Amino acid sequence: MQSLNPALNDIGLSYEPDVLARAQARDPDAFCELCRPYEDRLFRQAVALCGDHAMAEDLAQETLLQAWKSLRRFNGRCRLFTWFCSIMLHRYQKLIRRKRTVLVSDEALGALADQRPSPAATSESNDRAALLQRHLDALPHKQRQVLYLRFYVDNSLEQIAAALACSVGTVKSRLFHGLENLRKMRGLKHLDF
Amino acid sequence: MKPCRAFKKRIALAIVGGDNDPGLTEHLADCAACRVYADEMRAISAEHIERANQLPKAEAPLRLRTGFANTLRERQQRPLTLHWRWITAGAAATALAILVYLHSSPSKTAPKTTTVSKSPEIETAAAAIREPSYAAYHRRLSRSPEELEVALSRYEPIAGPSSEPFTALSLADLP
């Protein structure tokens, strides 16, 4: 399976099996040691997802805590970073739900005092990045997971299937439908998703 | 022009999924609509890959590392507290459930009482203990005065200046 983005594969993310075994035996120091090489990249992914450093920090921390709780279930069939990312996407989904609820209640306040920079003030690339993120956010959770792991983590379909505990066929189907939805959204890109 | 339905998934999976599909190249050479579709898929893929490469090179803040490590150590140090907390909560919930059950169905849970029919001797003894009353007199109105005399002779006279003991003779004064 070819890599979509070789730039993402230059990071030597590996771990000693011994460290993993100790972490799975509930050794917090071993788990911290296991996570250390992934923290920056995980945080970067969280920033990309949330677009906010404070929220990204919370998301990364929640991800690591959840990973600690369920580390025994990691079977090594996918990369550890992929596994972290799949957890992070789950947590992010919950965050989006909470955020949407808050946004609905805050709509009236936001209309009164909108302190966000105007569209003209932001650069074009930022706008495009924000639009792509909104498109991803608008996708069903399962399709977003697959597309995110493919584009932003550069996982093969087999690795994605292993991380999400589903078949490669399911991953292909979700990937296709996600891309179809993105294509439709691109056609309607003037609309704010 | 719409792309061929049979080829849409193959195109998407070949471009984004990395599938090797030799038959697809031939089809794309012949079908303009599918070529447009393939271009769209390439554009989507390129946009997201470009964005992935432009992700800010942010480093995880120190407080994420230390905070996370501290949280883990704290959790590791008090596993029993957490354990006992759940046990206590479970016990409290069970006790509450039992209380609710007891209050909601007292007839089912009350101690069983055995009803034994009283023998005539016991009834007589009980009657001897009871004070005489108008009801008792009325119940006995059907009896003969002699029987009543016998029955009343078992009762002690009620003490007090104003309360005369009832006798069979006083029955005549009853309305």
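Given the structure is predicted, the values throughout are model-derived calculations rather than measurements.

Enquirer: Could you give an account of the overall build of chain A, with specific residues and numbers?
Expert: Along chain A, the regular secondary structure elements total eight helices and zero strands. Taken across its 193 residues, chain A has 37% of its residues classed as buried. Taking the contacts inside chain A whose residues are at least 6 apart along the sequence as the reference set, 65% of them involve residues at least 24 apart.

Enquirer: Can you break down the overall build of chain B residue by residue, with the values?
Expert: A count of helical and extended segments in chain B gives nine helices and zero strands. Sequence-ordered secondary structure for chain B, helices as α and strands as β, is α-α-α-α-α-α-α-α-α. For chain B, the residues scored as buried account for 14% of the 175 residues in total.

Enquirer: How would you explain the packing of helix α1 (residues 17-24) of chain A against helix α2 (residues 28-50) of chain A if you had to name every residue and give the values?
Expert: Residues and elements named next belong to chain A. It is the contact of α1 with α2, at a shortest axis distance of 7 Å, that shows an interaxial angle of 135°. One way to sum up the angle between α1 and α2 is to call them oblique. In terms of crossing hand, the pair formed by α1 and α2 is left-handed. Judged by residue contacts, V19, L20, R22 and A23 of α1 engage A30, F31, E33 and L34 from α2. Across the contact of α1 with α2, the residue classes tally to six nonpolar, no polar and two charged.

Enquirer: Report on helix α8 (residues 168-187) of chain A, specifying residues and quantitative values.
Expert: Between its first and last C-alpha, α8(A) extends 29 Å over 20 residues, near the 28 Å set by a 1.5 Å rise per residue. Taken as a whole, α8(A) has its buried residues at A:V171, A:K172, A:R174, A:L175, A:F176, A:G178, A:L179 and A:L182. In this structure, the buried residues of α8(A) make contact with α5 (124-138), α6 (141-151) and α7 (157-164) of chain A together with α1 (5-17) and α3 (32-53) of chain B.

Enquirer: Residue-level account of the confidence of the model for chain A, with values.
Expert: All names here are of chain A. Put simply, chain A has an average pLDDT of 78, and 77% of its residues get 70 or more. Mean pLDDT across the elements of chain A ranges from a minimum in helix α4 (residues 80-112), with 70, to a maximum in α8, with 91. Within the model, pLDDT remains below 50 along residues 103-117, and this stretch shows one contact once partners closer than five positions in the same chain are excluded.

Enquirer: Lay out the interface of chain B and chain A in plain terms, naming residues and giving numbers.
Expert: Taken together, the contacts link 31 residues of chain B with 35 residues of chain A. Counting only elements with at least two residues in the side of chain B that touches chain A, the list comes to α1, α3 and α4 (62-77) of chain B. At ten residues, α3(B) tops the list of elements feeding residues into the side of chain B that touches chain A. Partitioning the side of chain B that touches chain A into residue classes produces 16 nonpolar, eight polar and seven charged.

Enquirer: Give a description of unusual backbone geometry that names residues and reports values.
Expert: Residue and element names in this part refer to chain A. In this structure, D154 takes a positive phi of about 60° despite not being glycine. Mapped onto the elements of the fold, D154 is located in the loop between α6 and α7. Overall, D154 belongs to the partly exposed group, with 18 C-beta atoms counted inside 10 Å. Non-glycine residue A165 carries a positive phi angle of around 55°.

Enquirer: I'd love a proper account of the environment of A:N155, names of residues and values included.
Expert: Residues and elements named next belong to chain A. If you trace the backbone, N155 turns up in the loop between α6 and α7. On the basis of neighbour count, N155 is assigned to the buried category, with 27 C-beta atoms found within 10 Å. A sequence separation of 76 residues divides N155 from R79, and the C-alpha atoms of the two residues are 8.8 Å apart.

Enquirer: Any chance you could break down the confidence of the model for chain B for me, citing the residues and the numbers?
Expert: A residue-level look at chain B finds 60% of positions with pLDDT of 70 or above and a mean pLDDT of 75. Across the predicted assembly, pTM comes out at 0.59 and ipTM at 0.71.

Enquirer: Let's hear about the nonpolar core: which residues, and what values?
Expert: Counting 65 residues, the largest nonpolar core has A:A46, A:F84, A:M88 and B:M41 as the members making the most contacts within it. Of the residues forming this core, the biggest block, 13 residues, is contributed by α2(A). Leaving out residues up to four positions away in the same chain, A:F84 has contacts with A:Y38, A:L42, A:T63 and A:A67.

Calculation notes
Residues numbered from 1 in each chain as written. Chains lettered and ligands numbered in written order. Predicted model: local features only at pLDDT ≥ 70, side-chain atom pairs only at ≥ 80, totals over all residues. Helix = DSSP H or I, 4+ residues; strand = E, 2+ residues; numbered from the N terminus. Buried ≥ 20, exposed ≤ 12 C-beta atoms within 10 Å, placed from the backbone. Contact = placed C-beta atoms within 7 Å. Axes fitted to C-alpha atoms, helices over the stretch in contact; angles between N-to-C directions. Parallel < 35°, antiparallel > 145°, perpendicular 65-115°, else oblique. Left-handed = near helix turned anticlockwise from the far one by under 90°. Nonpolar A, V, L, I, M, F, W, Y, C, P; charged D, E, K, R; others polar. Expected span 1.5 Å × (residues − 1). pLDDT = per-residue confidence, 0-100. Core = buried A, V, L, I, M, F, W, Y, C linked by C-beta atoms within 7 Å.

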